[in-house]
Amino acid sequence: LVAEVEKRNRLRVLLPWLEARVAEGNQDPYLHNGIAKIYIDTNRDPETFLKSNAFYDSATVGKYCEDRDPHLAYTAYKRAWGSCDKELVDVTNRNGLFRLQARYLVERQNPELWALVLDIENQYRPSVIDQVVSTALPDAKDADEVSAAVRAFISADLPNKLIELLEKIVLHNSNFSKNRNLQNLLILTAIKADKARVMDYINRLDCYDGPEIAKIALGEPYRLYEEAFLIYKKCDLNSDAVETLLTNIESIERAHEFAARCNEGPVWYKLGKAQLENGAVPEAIESYLKAEDATDYQEVILAAEREENYEELIRYLLMARATAKDQLVDTELVYSYAKTDRLSDMEEFVSGTNTANVQSVGDRLYEERSYKAAKILYQSIQNNGRLASCHVQLGEYTAAVDAARKANNPKTWKEVNMACVHAQEFRCAEIAGMYIIVHPDHLEELIAQYESGGHFEELISLLDTGLTSERSHIGMYTELAILYSKYKPEKLMDFIKLNTAKLNIPKLIHACERHYLWEHAIFLYTHYDEFDAAANAMMAHSPTAFSHDQFQMILQKVSNTELYYRAIQFYLDEVPLQINSLLNTVAQKVDHARVVQQVRQSGHLALVLPYLKAVQQH
């Protein structure tokens, strides 16, 4: 009926009848479509009817309105809420109703519809986007509407338009100005699409997730170091902020200024670590002190000693002692006191409670020739051997002797003695020497040392004094005798006669022979029962060694009979007038025929006539 009447353009005739049917409760779509068309044609508040009536067909009525009133067509299509989306988009596009389309898009929250409108092939896309950005979204009240629109822009890859959209929402006092997710999205989109805006957003916004955004800004490929620093600073994450300055921006100067402003321990610590790695040791120590953090004490010690920044190191180690219970800290503190010549402070420290390895520091200082400091340390641990060495190096010979007496070992005494001899401090050298000469193993070394310096008198005096010791031994007597043979031969015989039983006779004989003291050698031979050697020596060195009476006595004790005949020849050659005395002495031990033949050959037979008469009975 409606269709037939509409063909004849007489719909209005049916209005009373149609309204009567509606009043009866008839819900037939065609009935309501007819009423809608009549209201539209007669302009009887059609918009209210289209919005409030639930029974007309939106597609039919909307199509009917397109040429008559596009706004009413929009209203009809909108009322369908999904089934007429394409028709709605088409009519709004053709009639420039982009504001209405934008609002519908925002309210509809449909990803497919958004994708259709934001398709790059859509020639009307820029106009729709402008209305969405400028009107529809700023007026939105529902967070889901905003989220759907943002997702659509992201899916359509429209970062710059998205930034514009988010600026409208977030920066212009909308209901979503404080929305954390939208602020995050605005900053992140700017990081990816428009880096120049990032700094402004960071300054103007307050509700974003700073640490997460800063990490993204620092990473590849963005490298927005200044922006990340500002985020950390604004979020009061000062430790991360200074880390950015040091690691990414690489500005120790700015990091120092920042640390001074915030004055936080972790910030000073990171600054100190960076300064240490850059070789700025005094500055690093200053930062560590402000941080009151001794975590890196091993690295600080190495760097400070390498640069010889001992004054700063002392301050640092005093701070470190409060937290770092390590022997290294106390040990290096002692060493630093020594290197800065603060010996009174060092002495006070080692006398108190500490865990320092004093021995190792003392040895280290000794090797570096810091003898005063080493002396104090060795005194504190009663290492008298090393203490004596320090006194020696400082020329404190009396003190060295006292320390050596306490140490009481040959090595220390030898060191003290050697130094005293070198310095010609013979009184101290003698005291030390007295403890050395009683050890046979060290005696020859001491003698060589004295002799090399030409100190013969002092050496003889030392050994002579040493003989009075109850620990004197045969080596001391022998070496003194040898010294007499070298330097005071006039005293040697008396000494030998007094101490014959206490001498190493073979060794002394060798020394006497080396120095041509044949008389002394022969005396020693006789006391060593080496009568053959004594006889040979006396004959070989007769100008200085021969004594007729002694020779005759020796000859009576020789074991080699050939010596008798050599002696006869010796007398014939050198003392012929004593030949008969000799022959009478050996008459019982020689072959008379051989003697006669030997004398005859020498042509002195008449000289031995008394001997020949005396032995006739044989």
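Bear in mind the structure is a predicted one, so any value in this text is a computation, not a measurement.

S.K.: In this structure, what is going on with helix α16 (residues 225-234)? I would like to understand it.
M.R.: The periodicity of an α-helix, 3.6 residues per turn, causes residues three or four places apart in sequence to face the same way. For α16, the set of buried residues is Glu-227, Ala-228, Phe-229, Leu-230, Ile-231 and Tyr-232. Those residues of α16 hidden inside the fold are in contact with α14 (198-204), α15 (210-218), α17 (238-249) and α18 (252-262). Downstream of α16 by a residue or two, Asp-236 has a phi angle that is positive, lying close to 60°.

S.K.: I keep staring at the packing of helix α3 (residues 29-42) against helix α5 (residues 58-66) and nothing clicks. Help me out?
M.R.: The relative placement of two packed helices is expressed as an angle between their axes plus a distance between the axes. The geometry of α3 relative to α5 is characterised by a closest axis approach of 10 Å and an angle of 20° between their N-to-C directions. As far as their axial angle goes, α5 and α3 are roughly parallel. Here the hand of the crossing between α3 and α5 comes out right-handed. Mapping the contact onto sequence places Asn-33, Ala-36, Lys-37, Ile-40 and Asp-41 in α3 and Thr-60, Val-61, Tyr-64 and Cys-65 in α5.

S.K.: Hey, could you run me through the packing of aromatic side chains in this one?
M.R.: Centre distance and the angle of the planes are the two values used to describe a pair of aromatic rings. Counting across every chain of the model gives 20 aromatic pairs. Measuring from ring centre to ring centre gives 5.9 Å for Tyr-310 and Tyr-335, while their planes differ by 75°; the resulting arrangement is edge-to-face. Placement of the pair is Tyr-310 in helix α22 (residues 310-320) and Tyr-335 in helix α23 (residues 327-339), with a sequence separation of 25 residues. Residue Tyr-335 is classed as buried on the basis of its relative accessible area, which comes to 3%. Among the aromatic side chains, those forming a connected cluster through ring pairs are Phe-546, Phe-551, Phe-570 and Tyr-571. Against the face of Phe-229 rests Arg-254, its NZ or CZ located 5.5 Å from the ring centre. One cation-aromatic arrangement involves Arg-386 over Tyr-366; the distance from NZ or CZ to the ring centre is 4.4 Å.

S.K.: Whenever I open this one, the environment of Ala-432 confuses me. Can you help?
M.R.: Tracing the backbone through its elements, the reader meets Ala-432 in helix α30 (residues 426-436). Exposure remark for Ala-432: the relative accessible area of 0% places this residue in the buried category. When near neighbours in sequence (up to four residues on either side) are disregarded, Ala-432 contacts Trp-413, Val-416 and Asn-417.

S.K.: Even after reading the chapter, I still don't get the nonpolar core, so can you show me in this structure?
M.R.: In globular proteins that are soluble, nonpolar side chains generally tend to be buried together. Of all hydrophobic cores here, the largest spans 211 residues; its most connected members are Phe-153, Leu-165 and Tyr-316. Looking at which element gives the most residues to this core, the answer is helix α40 (residues 562-574), with 8 residues.

S.K.: What exactly am I supposed to notice about the side chain of Asn-53 here?
M.R.: As for its placement among the helices and strands, Asn-53 is situated in the loop between α4 (46-52) and α5. By relative accessible area, which is 11% here, Asn-53 ends up buried. Of the polar contacts made by the side chain of Asn-53, one reaches the backbone nitrogen of Tyr-56; its length is 3.1 Å. Asn-53 has contacts with His-32 and Arg-79, leaving out every residue within four places of it along the chain.

S.K.: Honestly, α3 in this entry has me stumped. Any pointers?
M.R.: Compared with an ideal rise of 1.5 Å per residue, which puts 14 residues at 20 Å, α3 spans 20 Å between its outermost C-alpha atoms and is within 8% of the ideal. In terms of residue burial, α3 counts as a mostly covered element, since 10 of its 14 residues are buried. Every buried residue belonging to α3 is among Leu-31, His-32, Asn-33, Gly-34, Ile-35, Ala-36, Lys-37, Ile-38, Tyr-39 and Ile-40, and all of these are buried. A positive backbone phi angle near 60° is found at Asn-43, which sits one or two residues after α3.

S.K.: Got a minute to help me understand the environment of Lys-234 in this structure?
M.R.: Topologically, Lys-234 is positioned in helix α16. It is 56 Å that separates the C-alpha atoms of Lys-234 and Phe-49, two residues lying 185 residues apart in sequence. Every residue in contact with Lys-234, bar those within four places of it in the chain, is listed here: Ile-202, Asn-203, Arg-204, Leu-205, Asp-206 and Tyr-208. A polar contact of 3.3 Å, which involves the side chain of Lys-234, links it to the side chain of Asp-206.

S.K.: Before we go on, may I ask you to explain the pattern of salt bridges in this structure?
M.R.: Charged atoms that come close allow side chains of opposite charge to pair. For the coordinates displayed, the defined rule picks out 35 salt bridges. With its nearest N and O atoms 3.3 Å apart, the salt bridge here joins Asp-206 to Lys-234. Of this pair, Asp-206 sits in the loop between α14 and α15 while Lys-234 sits in helix α16; the two residues are 28 residues apart in sequence, bridging distant segments of the chain. You can call Lys-234 partly exposed: its relative accessible area is 31%.

S.K.: What is the right way to read the side chain of Ser-389 from this model?
M.R.: Along the chain, Ser-389 falls in helix α27 (residues 384-393). Beyond its immediate chain neighbours, meaning those up to four positions away, Ser-389 contacts Tyr-366 and Glu-415.

S.K.: What should I look at first to understand the state of the cysteines in this one?
M.R.: The bond known as a disulfide is covalent and runs between the sulfur atoms of two cysteines. All told, the structure shown has 0 disulfides when counted by the stated rule. Looking at Cys-207, it has no disulfide partner, and the nearest cysteine sulfur is the one in Cys-235, 11 Å off. You can see Cys-420 has no disulfide; the closest cysteine sulfur is in Cys-428, sitting 4.9 Å from it.

S.K.: What's the story with the packing of helix α20 (residues 281-291) against helix α21 (residues 297-307) in this structure? I'm lost.
M.R.: For the pair α20 and α21, interaxial distance at closest approach is 10 Å and the crossing angle is 145°. Pair α20 / α21 crosses with left-handed handedness. Of the residues in α21, those in contact with Val-281, Ile-285 and Tyr-288 of α20 are Val-300, Ala-303, Ala-304 and Glu-307. Tallied by class, residues from the contact of α20 with α21 come to 6 nonpolar, no polar and 1 charged.

Rules used in this analysis
Per chain, residues are indexed from 1 in the order of the written sequence. Reporting in this predicted model follows two pLDDT cut-offs: at least 70 for local features of residues, and 80 or more for side-chain atom pairs to be given and counted; totals over whole chains, interfaces and linings ignore these cut-offs and use all residues. To obtain the side-chain values, all non-hydrogen atoms of the structure were included, while hydrogens and water were left out. We call a residue buried when its accessible area falls under 20% of the maximum for its residue type, exposed when it is over 50%, and partly exposed in between, using a 1.4 Å probe and counting protein chains only. In DSSP terms, a helix is any run of H or I states spanning at least four residues, a strand is any run of E spanning at least two, and both are numbered starting from the N terminus. Contacts between residues were defined by any pair of non-hydrogen atoms, one from each residue, lying within 4.5 Å. The axes used here are C-alpha line fits, helices contributing only the stretch in contact, and every angle between their N-to-C directions lies in the interval 0 to 180 degrees. What sets the label is the angle itself: under 35 degrees gives roughly parallel, over 145 gives roughly antiparallel, 65 to 115 gives roughly perpendicular, and the rest give oblique. We call a crossing left-handed when the near helix sits turned anticlockwise from the far one by less than a right angle, and right-handed when that turn is clockwise. When two rings of Phe, Tyr or Trp (its six-membered ring) have centres within 6.5 Å they constitute a pair, described as stacked for plane angles under 30 degrees, edge-to-face for angles over 60, and tilted for the intermediate range. When the NZ atom of lysine or the CZ atom of arginine is within 6 Å of a ring's centre and also within 35 degrees of its normal, the charge is said to sit over that ring. Only buried Ala, Val, Leu, Ile, Met, Phe, Trp, Tyr and Cys residues count toward a nonpolar core, and they belong to the same one when joined by side-chain atoms within 4.5 Å. Whenever two N or O atoms come within 3.5 Å, that pair is a polar contact, provided that in protein one can donate a hydrogen and the other can accept it, and provided that, for residues adjacent in sequence, both atoms are side-chain atoms. Between the first and last residue of a helix there are one fewer steps than residues, each counted as 1.5 Å, and that sum is the expected span. Each salt bridge in this description consists of a side-chain nitrogen of Lys or Arg and a carboxyl oxygen of Asp or Glu lying within 4 Å of one another. When two cysteine sulfur atoms are found within 2.5 Å, that pair is recorded as a disulfide. Classes in brief: Ala, Val, Leu, Ile, Met, Phe, Trp, Tyr, Cys and Pro nonpolar; Asp, Glu, Lys and Arg charged; the others, Gly included, polar.

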